[in-house]
Structures are given as C-alpha cells and as structure tokens.
Amino acid sequence: DAMVIQNPRYQVTQFGKPVTLSCSQTLNHNVMYWYQQKSSQAPKLLFHYYDKDFNNEADTPDNFQSRRPNTSFCFLDIRSPGLGDAAMYLCATSRDPGGRNTEAFFGQGTRLTVV
Amino acid sequence: KNQVEQSPQSLIILEGKNCTLQCNYTVSPFSNLRWYKQDTGRGPVSLTIMTFSENTKSNGRYTATLDADTKQSSLHITASQLSDSASYICVVNRNYGQNFVFGPGTRLSVLP
C-alpha cells in the first residue's frame, strides 16, 4: 500500500495560473519535504516541515509556497508558474530529520507541465 | 561543501551481466548513506542503507559497500534484469541542516 501519496500524478497548468500539488502520508512522520526534479538531475530540496516548523531553502523562489494543515497533508503552491517550473515534484517524509537509520520515503511524484 | 558525486553518468549493459556503480561524497557530518532506485516518472525507492560501521550489505541481487575512510560507496548489481533499467541515486544523510544530499544518479539501461 502506498504510504506517501501525491495527487495528481500529472498536472498541466497555464503560464501564470496558480496551481497546487498535494501530498498525504500514512506513516505519521514528523518531517515532510518537497523536492523539484528536472530531467536527468538530482532532486532539489525546496523546503521541509518539521512538525509545524517551516524550513525554506535559501534559493527557493518566492513563487513557491507550502502549507501543512496537519501531520498527514502537505501542499505545494506555485503562485505564478513559469515555463522553467515544469518538472517532477517529489514529496517525501521521514520520521525525524537526523539519526543513523533515517530514511526518506518518497511519493510517486507529480509531473507538472506549464503551457 | 557537501556534495555527492556518482559515476558513471550512464551505463548500458546486457541482460544477465553484472555492473558496479560508484558514489563519492564529501558530506559531513555523516549519518548514513542510501542507494535509491528511481524508475522513469516515479519517485525513488530505497534499496539499501549503510551506516558508518557497515562495510557491506546485500539486498537480493544488490550489494552495497561503504568505505567511510575514503568516503566511497558502491552498488553492485548481479545478474541484471530488464527491470533494473532505472536511475540509481546515492543519497547521504547528514545529522542536521539539509538532511539529505543527493547525487546526480547513474542512468542504467539493461538491454535484452
């Protein structure tokens, strides 16, 4: 059974039209991450939540926002998508941010296309 | 600077052959290292985890090694199958800060 679920799997949006990507988890993990992955590149961390504490990466554009209304759900909002924002967006969770056996569990990803 | 490098960038092998993928890292402080398999259009899935004190760990046809002194890891795939075609990503976990440092991945193609 899927433990980290992302919806939708594929999203097409218009240039400049706000879009929201969804992630839910059944693991009751404390940490939820959003990554952007472009073709043939490693995932790039945008931000993460440790419980309700929001941690933004320094180089994440202001165009990207996130919400975590409860432990299970986390949303990625792109306020004005540009062509350069087309990518795979991966949601991941981990029980804690550190530790010897810390593992990140990934969702299937949402492929965003901007037209 | 905390970095993870992988080689080769891409690899093509015939079904049934073995291969070895390499990962070098400069991440500090080191907590653990994981190898993930990412099928095209899907999220990464963990294959194996290596902690500081572990040298070798196997998971079916996958065997990972870790040399914490030289900061190198390898992933050996035995008797490759067509379904092994994917990107293999080396990820090093730090104890704090940006927790997971990703390598660029090795794109493996297994041909019949």
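Coordinates for the structure precede this section.
Residues numbered from 1 in each chain as written. Chains lettered and ligands numbered in written order. Predicted model: local features only at pLDDT ≥ 70, side-chain atom pairs only at ≥ 80, totals over all residues. Heavy atoms only, no water.

## Some points on the packing of aromatic side chains
What counts, and what does not: A pair of Phe, Tyr and Trp rings is counted when the ring centres sit within 6.5 Å of each other, with Trp represented by its six-membered ring. The angle between the planes then sorts it: under 30 degrees is stacked, over 60 is edge-to-face, the rest tilted. A run of DSSP states H or I qualifies as a helix once it reaches four residues; a run of E qualifies as a strand once it reaches two. Both are numbered from the N-terminal end. Here the term buried applies to any residue with accessible area under 20% of the maximum for its type, exposed to any over 50%, and partly exposed to those in between, with areas from a 1.4 Å probe on protein chains only. In our convention, an over-ring charge means Lys NZ or Arg CZ found within 6 Å of a ring centre and within 35 degrees of that ring's normal.
The tally for this structure, following the rule as stated, stands at 12 aromatic pairs over all chains. Arranged with centres 5.5 Å apart and planes meeting at 90 degrees, the rings of Phe 106 of chain A and Tyr 36 of chain B form a pair that is edge-to-face. On the criterion of chain membership, the pair formed by Phe 106 of chain A in strand β10 (residues 105–106) and Tyr 36 of chain B in strand β4 (residues 30–38) is interchain, its members lying in two chains. Both rings, one in Tyr 62 of chain B and one in Tyr 88 of chain B, keep their centres 6.4 Å apart while their planes meet at 50 degrees; by these two values the pair is tilted. Here Tyr 62 of chain B is found in strand β7 (residues 62–67), whereas its partner Tyr 88 of chain B is found in strand β9 (residues 86–94), with 26 residues between them in sequence. When its relative accessible area of 11% is taken as the criterion, Tyr 62 of chain B is described as buried. Residue classification places Tyr 88 of chain B among the buried residues on the basis of a relative accessible area of 0%. Through successive ring pairs, a cluster of aromatic residues spans Tyr 33, Tyr 35 and Phe 106 of chain A together with Tyr 36, Phe 100 and Phe 102 of chain B. The side chain of Arg 61 of chain B reaches across the aromatic face of Tyr 62 of chain B, ending 5.7 Å from its centre.

## Section: the sheet that holds strand β8 (residues 72–77) of chain B
All names here are of chain B. The test is simple: Note: two strands are recorded as paired if DSSP finds a minimum of 2 bridges between them. Comment: axis = line fitted to C-alpha atoms, over the contacting stretch for helices; angle = value between 0 and 180 degrees taken between N-to-C directions.
Read from one edge to the other, the open sheet built from 5 strands follows the order β1-β3-β8-β7-β6, with strand pairing classed as antiparallel. Where the open sheet ends on each side, the last strands, each with one partner, are β1 (4–7) and β6 (56–59). Going from strand to strand, the sheet's axes swing by 15 degrees on average, the running direction of each strand aside. Examined bridge by bridge, β7 and β8 share 6 bridges and lie antiparallel to one another. Opposite Thr 65, over in β8, you have Ser 74 as the bridge partner.

## Observations concerning the side chain of Thr 13 of chain A
All names here are of chain A. Formally: What qualifies as a polar contact is a pair of N or O atoms within 3.5 Å, subject to a donor-acceptor requirement within protein and to the restriction that residues adjacent in sequence count only when both atoms come from side chains. By definition in these notes, contact holds between two residues if any of their heavy atoms fall within 4.5 Å.
Position of Thr 13 relative to the elements: it lies in strand β2 (residues 10–13). By relative accessible area, which is 6% here, Thr 13 ends up buried. From its side chain, Thr 13 meets the backbone oxygen of Lys 17 in a polar contact 3.2 Å long. Those residues in contact with Thr 13 that sit more than four places away from it in its chain are Pro 18, Val 19, Pro 81, Leu 112, Thr 113, Val 114 and Val 115.

## What about the state of the cysteines?
Chemically, a disulfide is nothing more than a covalent bond linking the sulfur atoms of two cysteines. Residues and elements named next belong to chain B. Selection criterion: For this text, the term disulfide refers to a pair of cysteine sulfurs within 2.5 Å.
Per the stated rule, a full pass over the model turns up 2 disulfides over all chains. Residue Cys 23 pairs covalently with Cys 90 via a disulfide, S to S 2.0 Å. On the sign convention where negative means left-handed, the S-S torsion of about -65 degrees between Cys 23 and Cys 90 marks this disulfide as left-handed. Linking Cys 23 in strand β3 (residues 19–25) with Cys 90 in strand β9, this pair joins segments that are 67 residues apart in sequence. The buried category is assigned to Cys 90, whose relative accessible area is 0%. Between Cys 19, a cysteine without a disulfide, and Cys 90, which holds the nearest cysteine sulfur, the sulfur-to-sulfur distance is 15 Å. Since its relative accessible area comes to 5%, Cys 19 is described here as buried.

## Let's talk about a nonpolar patch on the surface
The condition is simple: Each patch is built from salt-bridge-free residues with over 30% relative accessible area, joining like charges within 9 Å and nonpolar side chains (Val, Leu, Ile, Met, Phe, Trp, Tyr) within 5 Å. Each accessible area value is a Shrake-Rupley result obtained with a 1.4 Å probe; residue values ignore everything except the protein chains displayed when judging cover. Whenever Lys or Arg places a side-chain nitrogen within 4 Å of a carboxyl oxygen from Asp or Glu, that contact is recorded as a salt bridge.
A cluster of nonpolar side chains, Ile 12, Leu 14 and Leu 111 of chain B, forms an exposed patch at the surface whose accessible area comes to about 290 Å². Residue position: Ile 12 of chain B is located in strand β2 (residues 10–14).

## Topic: the interface of chain B and chain A
The criterion, for reference: Each of two parts loses accessible area, computed with a 1.4 Å probe, when they are put together; buried area is these two losses added.
Contacts between chain B and chain A engage 23 residues on the former and 25 residues on the latter. Taken together, the two surfaces of chain B and chain A that pack against each other cover about 1800 Å², and 47% of this comes from carbon and sulfur. Three residues stand out in chain B for area buried against chain A, namely Asn 99, Phe 100 and Phe 102 of chain B, and they jointly supply 27% of the buried area on that side. One can count 1 salt bridge joining chain B with chain A.

## So, the pairing of strand β6 (residues 53–56) of chain A
Residue and element names in this part refer to chain A. Pairing analysis gives 4 bridges linking strand β5 (residues 44–50) to β6, with the strands arranged antiparallel. If you follow His 48 over to β6, its bridge partner there is Asn 55. Linking β5 back to β6 in an antiparallel pair, the connection comprises 2 residues, with Asp 51 at a positive phi of about 55 degrees.

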